[in-house]
Structures are given as structure tokens and as C-alpha cells.
Protein chains: 2
Amino acid sequence: MAERKRQLVSNELTEAALQLLASKGFDAVTIDEIATAAGVSKRTFFRYFASKEDVVVQFLAGMGADMRTELAARSPQERPSAALRHTVGVPIATCADHSDRALRVVRLILRTPALHARFLERQAQWRDDLAAELAHRLGLDPGTDLYPRLAAGMALTAFDAVLHRWSGSDGAEDPDELIDRAFAVIAPALDAV
Amino acid sequence: MAERKRQLVSNELTEAALQLLASKGFDAVTIDEIATAAGVSKRTFFRYFASKEDVVVQFLAGMGADMRTELAARSPQERPSAALRHTVGVPIATCADHSDRALRVVRLILRTPALHARFLERQAQWRDDLAAELAHRLGLDPGTDLYPRLAAGMALTAFDAVLHRWSGSDGAEDPDELIDRAFAVIAPALDAV
DNA sequence: CCTCTCGTGTCACTCGGTGTCAAGGCGCGT
DNA sequence: ACGCGCCTTGACACCGAGTGACACGAGAGG
């Protein structure tokens, strides 16, 4: 029940932050404003989030783990392109599910340099995780073989391109079809003998 | 001659910064320290560099333009994989030329989250530039075709993988050979009919 | 009823980054 | 040589992000 209250405060904070940041711009909003809007003190804000960027980007944390478990769960017989396509499909599906909210967040991230940088940092971490999982899956040594890192990077490049197009079209284009088109391009490299 | 003095102060600052940051770590060094070590005031530091990260990352600014002009200069008959391989070769060659200094800087960037984030931001900008140039080169509409962005992203993924391996091996491995191996992997996607 | 714990608010502080202004070097025309 | 702008710099004040220390109050358990 203490856990419930914690979740409640956290939601209150993210809600207030998203509303303020989207309307006034990232730099024009102080943490004091966000905290006050959520009914807590600035100090408490930092007990929930490590930084101003974190309140927007935090939800990405789980996605890395989700992707890795998805990749680990897929059949080893599956070709890399197919396995990675479904891996990347996980966060995209999450976006598509809450398209209204996700669209606002994605646009805010892409338009704000500080947030974009954090986002890219996350992606780099995802790439490391995926590369490790791929190396394990294929029995390759990540220290000598370039393939795992390259394959993970290509998959996330596809993810990024799809995200850009999706947010650029205001969610009009179908994310799933966009991933398919992107993976049609990169698959020859992923599945090369 | 005013220009010369400006360059001199700038060098003094970067030199002091690199030395301090590498030895004490990014967060443990204040801008006051760097400025004092270079014999100027904190305020003057910010007249030369926009942020603490900028001192380290600034030299990347020119590389984006260099790559784009290299790509623009290459023959249109050349296949995308070959053109992009040489494009990515430009910054890598710059690294290899000043390998001692470059190695220290790269390691510092990769080990410091704040610097890494800035680095990734730069790379994202490079990708935009390269994608635009590729679209122009191939007569594609970057608004509808995913290829330019994907191809640029793949090339930079290769760049990144090479950089990691190079710095991880303390500069022992030959960067040019690493690029060749990386491009051997991604070329099938780059040159797909 | 006491007490121990945990979450929170308050305060003080450091540091990154910016605006403002006055002082000083330097070229330039007279 | 003198005075005139121009540009660079340093000094100072200021804001906001982020952290550490501490005191307070609520709730759980004896």
C-alpha cells in the first residue's frame, strides 16, 4: 500500500510534467513548477526521477529488457531478420497501443535536443543488450565478430527510421507496415550466409 | 592576428580540459578549474565553448560536413556501399592520423555518459545530412522512401562498431581493415537491387 | 503509550550556464 | 601624440539543476 502511493505520486508527477513540457517547451519549465503542479516539493521530485529528462524518458527503461527477452524467446531456427523484426516490433506495438500519448511523447523527444540525446543513449544501451543476446544466440564471440553489434545497430536504425516516419506523419502511417518495409531493406545484410 | 590569439586561447583551453578530464574524470572537474588552468576566467571559457561537453566534442563538428562533401564528390556510378565506405573512411582516417590523441578522446567519450550522449547527438545529425545527400544522389524522395535514412544509419552503425573495436583494442587493430569487414556485412543491404 | 521507521519538506550548498557592465588593449584617423 | 571606437576580457550577480543534512509527522508494531 506504500507501493501504491508511490506509484500514485509518480503518475501525478509524469502527468504534470508531460502536460507542462508539451505546452511550454522543455527549457521553459522548471522542476519547481512541475513539482508544485503535482503537489509535492522539488526535493521529492528528485526522489522519484534522477533528472528532468528522466521524467519523459523513464518509460523507455523497460523496453530494452522487453526487447531482449523477446529476442531470447524466439526460436533459434528463425532467421536473424525475422527474429529482430519481431524484437523491434515490441516497442513499436507499445507505441501503437497508446498512440495518442506516445505520439506526444515522441514528438517532444525528437524536438528537444536534451531529450533526444537521452533517447539515443538508451538506444545505444539497447544495442549493447541486443548484440550480446545475438552473440549468445548465434554462438559468436562478440569480442572478435562484428556481426552482432552491426545487426543490432541495423535493427535499431530501422526502429528509428520507422519512429521518425510515424511521428512525422502524425501517426497516420501503419507502424507495422513501415517496419516490414524497413526490414525488407536491411534483411539481405542480416541474413547473409 | 586577433584570429591567431583566439585560436591560441582555444587550444590552451582544450589542452587543459583534456588533461584534467582524462585524469580526474568528467564530473570531478569543474569549469573553473579548467579555465584557471588555462589562465582565463570561467566566463571566457563559455565564450569559446557552449558547454563543458563541447570542449571534448567540438572537433566532431567539422566531420559531418567533411563526410557530406566526400559523399557528394564521389561518382554517381559508384555503388552505395562503395561510396559510403569511403565517406565513413574520412573521419576514421582523421582518427588514425592522430591515433594517440584520438584514442584518449574516444575512450573519454565512450566512458562518460554525458559525452557519449553528445556524441550520439552528433551522429544523428550526420545521419540526417548523409540521408539527404543520398536521397539527392539517387533521386529519391526522402519523405516517402525509407532507404536513404536506413542506408545512412547502417553506414554510421558500421562507423560506430569500428570505433568501439578500435578503442577497445587500444588502437592495435587496423581501422581500415575493420571498416572493410563491417561493410562486407552491410553491403548486401546497401546495394540491393 | 512509546518508539522506530519511512516518506516528505526545508534549507543550504555546489556547479553549469547566462546577462550585464566596466576596464583595458589595439587599430585608426586626425 | 591624442582621442576615438571596437573587441576581448574579468568581475559580479543571477537562475536553475541537482545533492546533502536534518527535522518533522504519520503509521506500524511492541
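No experiment lies behind these values; they were computed from the predicted model shown. (Residues numbered from 1 in each chain as written. Chains lettered and ligands numbered in written order. Predicted model: local features only at pLDDT ≥ 70, side-chain atom pairs only at ≥ 80, totals over all residues. Heavy atoms only, no water.)

1. Structural notes on the protein's contact with DNA strand C
Around DNA strand C, the structure places 15 residues, and the nearest of them are A:S41, A:T44, A:R47, B:R43 and B:K52. Expressed as a percentage, the sugar and phosphate content of the atoms of DNA strand C within 4 Å of the protein is 46%. Between B:K42 and DNA strand C, the recorded distance is 2.9 Å, taken from a side-chain N or O atom to a base oxygen. Within the backbone of B:K52, one N or O atom sits 2.8 Å away from a phosphate oxygen of DNA strand C. Those elements that place two or more of their residues in the surface near DNA strand C are α3 (42–48) of chain A together with α3 (42–48) of chain B. It is α3(A) that contributes the most residues to the surface near DNA strand C, 4 residues altogether. (Near = heavy atom within 4 Å. Polar contact = N/O pair within 3.5 Å; in protein donor to acceptor, adjacent residues only side chain to side chain. Helix = DSSP H or I, 4+ residues; strand = E, 2+ residues; numbered from the N terminus.)

2. Considering the packing of aromatic side chains
Residues and elements named next belong to chain A. The full count for this structure, using the stated rule, is 6 aromatic pairs over all chains. Plain terms: the ring middles of F45 and F46 are 5.3 Å apart, the flat faces sit at 85° to each other, and that makes the pair edge-to-face. Judged by relative accessible area, which is 0%, F45 ranks as buried. Among the residues examined, F46 registers a relative accessible area of 34% and is labelled partly exposed. Ring pairs connect the aromatic residues F45, F46 and F49, which therefore count as one cluster. Sitting above the plane of the F26 ring, K52 keeps its charged end 4.6 Å from the centroid. (Phe/Tyr/Trp six-rings, centres within 6.5 Å; stacked < 30°, edge-to-face > 60°. Buried < 20%, exposed > 50% of the residue type's maximum accessible area, 1.4 Å probe, protein only. Lys NZ or Arg CZ within 6 Å of the ring centre and 35° of its normal.)

3. Focus: the domain arrangement of chain A
All names here are of chain A. Examined at the domain level, chain A breaks down into domain 1 (2–52) and domain 2 (59–190). A straight line from the C-alpha centre of domain 1 to that of domain 2 covers 28 Å. Taken together, the contact between domain 1 and domain 2 spans 6 residues of the former and 9 residues of the latter. Counting each side, the surface lost to burial between domain 1 and domain 2 is near 640 Å², with a carbon and sulfur contribution of 61%. When residues of domain 1 are sorted by the area they lose upon contact with domain 2, L18, A22 and F26 head the list and together hold 64% of the total. Our count for the contact surface shared by domain 1 and domain 2 stands at 1 salt bridge. Of the charged contacts in the structure, one is a salt bridge between R101 and E15, with a shortest N-O distance of 3.3 Å. (Domains from an automatic or database assignment. Contact = heavy atoms within 4.5 Å. Buried area = accessible area lost by both parts, 1.4 Å probe. Salt bridge = Lys/Arg side-chain N within 4 Å of Asp/Glu carboxyl O.)

4. Quick notes on the relation of the copies chain B and chain A
The two chain copies are connected by a rotation around an axis plus a translation along it. Rotating chain B by 180° and translating it 0.0 Å along the rotation axis places it on chain A, where the RMSD comes to 0.1 Å. What the superposition gives is, in effect, a two-fold axis relating one chain to the other. Of the residues that chain B buries at the interface, 100% are likewise interface residues in chain A, meaning the two copies contact each other through the same surface. (Least-squares fit on C-alpha atoms with pLDDT ≥ 70 in both.)

5. A closer look at unusual backbone geometry
Among all residues save glycine, negative phi is the norm, and among peptide bonds the norm is trans. Phi at A:D170 takes a positive value of approximately 60°, unusual for a residue other than glycine. For A:D170, a relative accessible area of 52% puts it in the exposed group.

6. What to know about the protein's contact with DNA strand D
Around DNA strand D, a shell composed of 15 residues is seen, among which A:R43, A:K52, B:S41, B:T44 and B:R47 lie nearest. If you look at DNA strand D and keep only atoms within 4 Å of the protein, 45% of those are sugar or phosphate atoms. In this structure, a base oxygen belonging to DNA strand D sits 2.9 Å away from a side-chain N or O atom of A:R43. B:R47 is positioned such that a nitrogen or oxygen atom in its side chain is 2.5 Å from a base nitrogen of DNA strand D. No other element matches α3(B), which puts 4 residues into the surface near DNA strand D. For the surface near DNA strand D, the residue count by class is 5 nonpolar, 5 polar and 5 charged. (Nonpolar A, V, L, I, M, F, W, Y, C, P; charged D, E, K, R; others polar.)

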